[in-house]
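Topology and contacts: notes
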Amino acid sequence: MIKVKVNGQERSWDGDPSLPLLWFLRDELGLTGTKFGCGQALCGACTVHVAGGAARSCITAISDVAGQEVVTIEGLHPQGDHPVQRAWRELNVPQCGFCQAGQIMQAASLLVETKNPSDEEIRSGMSGNICRCGCYQRIEAAVRVAATGT
Amino acid sequence: MTYFQNLGEQASSGQTSSSPTLGRVENVSRRGLFKGATALGGLVLAASMLPRSAMAAYATGAGAMPHGVVTDPRVFVSIAPDGIVTIVAHRSEMGTGVRTSLPMIVADEMGADWARVRIVQAPGDEAKYGNQDTDGSRSTRHYLLPMREIGASARTMLETAAAQRWKVPVSEVKTGVHEVVHDGSGRRLGFGELAADASKLTVPAAETLRLKDPKEFRLIGKGAVSITDLRDITTGKAGYGADVRLPGMKYVVIARPPVTGGKMVSFDPAEAMKVPGVERVMEVRGWPWPSKFQPLGGVAVIASNTGSAIKGRNALKIVWDDGANAKYDSVAYRAELETAVRAPGLVVRNDGDAEGALKTADKVIVGEYYLPHLAHVSMEPPVATAKWTNGKMEVWAPVQSPGGTREDLAKTLEISADDVTVNTTLLGGGFGRKSKCDYVLEAALLARELNAPVRVQWTREDDVHHDYLHTVSAERIEAGLDKSGKVVAWRHRSAAPTIGSTFVADAKHQIPIELGMGLIDMPFDIANVRCENPEAAAHTRIGWLRSVSNIPRAFAVQSMVAEIAHATGRDPKDVLLELIGPARIVPFSASVDKPWNYGEPVESYPIDTGRLRHVVELVAEKAGWGRKLPDGHGMGIAVHRSFVSYIATVVEVAIDKKGVLTVPRVDTAIDCGQFVNPERIQSQMEGAAVMGLSVAKMGEISFKNGRVQQSNYDDYPVVRIDEAPRVTNTYIVPAAAGTPPSGAGEPGLPPFAPALCNAIFAATGKRIRNLPIRDQLAV
C-alpha cells in the first residue's frame, strides 16, 4: 500500500507501483486539472509539485512519491488566486487552455526558486512547457507580473 | 424555470463544463456600465437603433453550409426569473475564443449585462442550431449578423412584453442595460420580470428588426471581455475531452496499423494481459483506406486506468499486413514531386500566354520550393468518451464538428441520429485535426460492444503516427521579366497529394478548395499567368491543418517576390506593391473551372488589392521597414489573402556567427473586416507567429517503409518559449463601413514562413527554398 498526500489529503494506492502519478491523479482520484500531453516529460502539461518542486507526473511512478506531498493545480491556492493564476487572468494568457495548468504549476515553482527572475531565467525556466497555441509572449509577461506586480 | 424555450436536456446535461461555473467572466466592463448609468443621473439612455434595412447587409456563404443558419432567439437565448440570461454557444472552442465571442454579440445586441450572462455549450444538433462545423475561420464571418438578429429579436420581444404590461405603444419603450424602460414615465422592468411574457410572443420577422447603431456597441469590437472559461482554465476546472468521468468507465488504448491501409493479421495478448489493471484485449474493426473519418482498426487494450492500458498496449505482439502503402518513402516521394513540377501538368488557370511570354522574356527566374508533411500535435491528443444505453449512444468529445460527428456516428452505428447525443467539451487545440471524428467512432463502437462506458485515449505517439497530415508539396514558379524588370509572365506548378484522397480512392489532383488557396487566386497584376497541378498520389491520410494549402503557396509566391527583387536589385516591399498593382477588384480568372472563394460570394468578398496593399503599407510603416539593423539582423516581408482576410507580416531575424536563428520581432497587420474581439485576434496573430516559426524551422513528418518516422515532441519538435519570437505586434485595420467580417483563426499563418525566409536572406544572403530550415543556416 502506497500512501501519498495529495493537496493536503491522505491517499493510498495498492495497485501497480509503477503506475505514473498522472494516471493516479486523473483516473483514480478524478483530479483532471493535470493534463496528459506527451507521456514522456517532453511537454510539461502534467506538471505538479512534489515536495514543493515541479515534477512531470507522466513519468513519475507513484512509488517514487510514497510518503511525499503532491500539489496539483486544484490545490495550488484554495480560491484559485495564487499570484501566478491572477497574473494569467490579468494578461488573458490562455487560448485553448489545455497546457495552462502545467504552465502555471511550473511558473509557481520557478518563482519559489527564483523570486525575481530575469527574462532569460523565465524563458529558460519555462522552456520545458509547450504551448501549441503559442501563448509564450503572454506567459513570459505573466510570470514577470506574478513576480513583480508589473 | 427558464423561458423562451427550455434549452432541453442536451444543452444542460452531461459534460463537466456545463456546471454552474459556465459563464464566469472576469475583466468585464461591469463597473463601466454602472458608472455610465450613474454619470447620466440614473437615466438610462437607450441605444439608438437602425432598421435592419439600413444596415449594410451583406451576403455570406453561411446559408449554403449544411443545415444553414438558425436565427430563432428561442433556440439560443433563455432568461430566468432572476434575470440571468443564458446564451447557447453552438460552435466549438479550440482556443480562438468563439465560445465567448458569439454569445457576446447576442448579449450586446439584446442589451444584456455581460455579468449576468451565462454560456451553455450546445450538443451536436444542426437541425436545431444550424451549421456547427467550426472550421475554415468561418464563425465570426458567418455568424456576426445572425447573432445580432438573435439578440435584436430577443430585445424586441422583451420590449413588446413591457409595452403590453404598461399598456403603452411599443414605440415609447426602450431597452437599457438588462432592463426595459418607458420613456415617458421612467418605469422600468428587468429582463427577468419580462421573460415569461416575452416567451409567449411570436418571434418578429427579420425585416422588422431594428439593429443597434455600431456606435452604441458596449462589447463588440472593444476587446474588454475575457474568455468565459478563463478562471476555470487557470484553476484546472475547465472540462476537456478526457475530463469526463462516468461510473464504471473502462480506459482504452488502441494499437493501430502502422501503415495507412494496412490491417492486423494476428496478435498475442498474453504479455499485455499480465499487466496489472488490464482487463481485456480485443480486435477492433477498421475500414479500408480511404474511408473519410472511419476508424483504422487494430487491437484494443481495455483497462481500469489509462496508465495500465498504455502499458498493456506496449506489451502487445501484433503481426500487421502493411498493404499497398508499405513502400511510402519521403525521400523518394520528394523526388517524384520535384520531377512532376518540372513537366507540364493539368492546367488550372491560364490567362494570356505565359508559355510564349516566358520564351521571349529578357530574364526568367525559377524558384522551386518544398514543404513536407506536417502534424497538428494539438496539446490535447485525440480522446473520446462514449456510453451506450438502451440503443442510444451518448459521447463526450473535443470535436470541431459536433453535428458532423453525430451524423457519422449514426451512420457507423446504423442507428438514427435522434438516438445519438454528441456533447462538445472544450478542445485542447484543434487546428483541423479534430474535424475528423475517427477517435469518437472508435469509442462509440467499443462502448456498444462492451456495453460499458469507455474512454479511448490516444497517446502522443498515436497522434503523430495516425494524424490526417498536412500534405507534402513541391511548388515551382517561373517568373519572366522584360528588359525593364517588370514581370510579364508567371507559371506556377503545384504538386501535392490532395485532401480529396481521404474521401475518394486514387484522387490525384487537388480539389477546388486547395487550388483556391493561393494558386489560382493569385492576385498579381501580371498579363500572362498559368497555373498547373501535376498529379500526385497519396500514400497516407491527408487532412487540413490550419490555413491548409495557403502555407506552401504563400511560401512559394512570397519567396519568389523577394527573389525577383534581388535579381533586379530592388527593395522587396516595392516589388511586392508593384506586383499587387493598383487598388482594384480582381475578378476570378475566366479560365478557372471552379473558382473557390472560401465559400463566400465574390460580391461581398471580392479580391480587393486595395486592402492587400494597405496591410503591406501599414505593416511596413509600423515595423520600420528599411530601418538600420544591427549586424546579423535582417527584415523580410510577406502578404497573403486567405479566408477572405488580408494579412501582411514583417519578421526581423537575428543570426549569430554559428548560424543560430532567433526572431527578435514580428509585426503583423490584419484586415479581417468587421471584428468582434480584437484582443482574441491579437492572440491569434501571436500564436500564428509561433506556429509559423515551428513550421519554418523544424516541422517535418517523414515516412520510411510506409511508417511515420517521428513519434513525439522530441523528434517532431515545436517551438518552445526560449526560441519563440520575442515580440509580436498586431495591427488590426479598422473596418470601413459595410466591410463584412472575415477570418482570423487561420490566415495569420501563411505569411510567416516566407517573411522569415526573406528576412534570413536579407541577413545572410542565403535563400531557403526547402522547409524546414533545421540546420541549413549552420556555419
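Not measured: the values here are computed from a predicted model.

Looking now at the packing of helix α20 (residues 678-698) of chain B against helix α21 (residues 752-764) of chain B. Residues and elements named next belong to chain B. Contact geometry of α20 with α21 gives a least axis separation of 8 Å together with a crossing angle of 65°. For the pair α20 and α21, the crossing hand works out as right-handed. For the pair formed by α20 and α21, the contact residues are A689, G692, L693 and A696 on the first element and F752, A753 and L756 on the second.

So, on to the sheet that holds strand β5 (residues 69-71) of chain A. All names here are of chain A. Overall, mixed pairing links the 5 strands, which are arranged β2-β1-β5-β3-β4 in an open sheet. The two strands at the open ends of the sheet, each matched to only one other strand, are β2 (9-13) and β4 (53-56). Strand-to-strand twist in this sheet, taken as the mean axis angle between neighbours without regard to direction, amounts to 40°. As paired elements, strand β1 (residues 2-6) and β2 share 5 bridges and run antiparallel to each other. By the bridge assignment, V4 is partnered in β2 with R11. Across the sheet, helix α1 (residues 21-28) lies against β1, β2, β3 (47-50) and β5, angled at about 105° from β2, the strand it touches most. Relative to the sheet, helix α3 (residues 100-113) contacts β3, β4 and β5, its axis offset from that of β3 by approximately 35°.

Another point: the domain arrangement of chain B. Note: interface size is frequently given as the accessible area lost on complex formation between the parts. All names here are of chain B. Under the domain assignment, chain B is made up of domain 1 (7-225), domain 2 (241-324 + 382-457) and domain 3 (330-375 + 468-764). Contacts between domain 1 and domain 2 engage 20 residues on the former and 22 residues on the latter. Interface area, domain 1 with domain 2, both sides summed: about 1600 Å², of which 47% is carbon and sulfur. In this structure, the salt-bridge partner of D125 is R406, at a minimum N-O distance of 3.4 Å. Split into classes, the residues belonging to the side of domain 1 that touches domain 2 amount to 3 nonpolar, 11 polar and 6 charged.

Residues and elements named next belong to chain A. Of note, I122 is situated in helix α4 (residues 119-125). For the pair formed by I122 and P17, sequence separation is 105 residues and the distance between their alpha carbons is 35 Å. Not counting residues up to four positions away in its chain, the partners in contact with I122 are L110, P117, E140, V143 and R144.

Residue and element names in this part refer to chain B. Considered as a void within the structure, the largest pocket measures approximately 860 Å³ in volume. Lining the largest pocket are 37 residues, and of these M65, D133, D135, R138 and W544 lie nearest its centre. Those elements giving two or more residues to the lining of the largest pocket turn out to be α6 (139-166) and α13 (402-413). The dominant element in the lining of the largest pocket, judged by the number of residues it contributes, is α13, at 6 residues. By volume, the second largest pocket amounts to about 680 Å³. As for the second largest pocket, its lining consists of 32 residues, and the residues nearest its centre are I310, R313, N314, T459 and E461. The set of elements that each furnish at least two residues to the lining of the second largest pocket consists of α10 (306-314), β13 (317-321), α15 (460-465) and β29 (707-708). At 6 residues, the largest contribution of residues to the lining of the second largest pocket is made by α10. Class assignment for the residues of the lining of the second largest pocket results in 15 nonpolar, 10 polar and 7 charged.

A separate point is empty space enclosed by the protein. All names here are of chain B. For the structure shown, the criterion picks out 15 cavities of 30 Å³ or more. Quantified by volume, the largest cavity comes out at close to 560 Å³. Residue lining of the largest cavity: 37 residues in total, with T96, S137, Q684, A744 and G745 positioned closest to the centre. Broken down by secondary-structure element, the contributors of at least two residues to the lining of the largest cavity are α4 (98-110), α6 and α20. Looking at the lining of the largest cavity residue by residue, the classes come out as 12 nonpolar, 19 polar and 6 charged. As a volume, the second largest cavity reaches approximately 150 Å³. Lining the second largest cavity are 13 residues, with D521, M522, P523, H640 and R641 sitting closest to its centre.

Here we come to the interface of chain B and chain A. Listed per partner, the contact involves 66 residues of chain B and 53 residues of chain A. Counting each side, the surface lost to burial between chain B and chain A is near 4800 Å², with a carbon and sulfur contribution of 53%. When the area that chain B buries against chain A is broken down by residue, the three leading residues are T234, M379 and I721 of chain B, summing to 17%. Here chain B and chain A share 9 salt bridges between them. The partner of R231 of chain B in a salt bridge is D81 of chain A, with the nearest N and O atoms 2.9 Å apart. Scanning the region where chain B abuts chain A turns up 33 residue pairs in polar contact (both at pLDDT 80 or more).

On to the pattern of salt bridges. In this structure the tally under the stated criterion is 62 salt bridges over all chains. Salt-bridge contacts for D243 of chain B lead to R26 of chain A; the nearest nitrogen and oxygen are separated by 2.8 Å. On the criterion of chain membership, the pair formed by D243 of chain B in the loop between α8 (230-235) and β9 (250-255) and R26 of chain A in helix α1 is interchain, its members lying in two chains. Of the charged contacts, one joins D243 of chain B and K35 of chain A as a salt bridge, the two residues approaching to 2.4 Å between their closest N and O atoms.

Rules used in this analysis
- Residues numbered from 1 in each chain as written.
- Chains lettered and ligands numbered in written order.
- Predicted model: local features only at pLDDT ≥ 70, side-chain atom pairs only at ≥ 80, totals over all residues.
- Heavy atoms only, no water.
- Axes fitted to C-alpha atoms, helices over the stretch in contact; angles between N-to-C directions.
- Helix = DSSP H or I, 4+ residues; strand = E, 2+ residues; numbered from the N terminus.
- Left-handed = near helix turned anticlockwise from the far one by under 90°.
- Contact = heavy atoms within 4.5 Å.
- Pairing = 2+ DSSP bridges.
- Domains from an automatic or database assignment.
- Buried area = accessible area lost by both parts, 1.4 Å probe.
- Salt bridge = Lys/Arg side-chain N within 4 Å of Asp/Glu carboxyl O.
- Nonpolar A, V, L, I, M, F, W, Y, C, P; charged D, E, K, R; others polar.
- 1 Å grid on protein atoms, 1.4 Å probe; cavity = no way out; pocket = protein on both sides within 12 Å on 5 of 7 lines; lining within 4 Å.
- Points joined across faces, edges and corners; volume = space filled by probe spheres on them.
- Polar contact = N/O pair within 3.5 Å; in protein donor to acceptor, adjacent residues only side chain to side chain.

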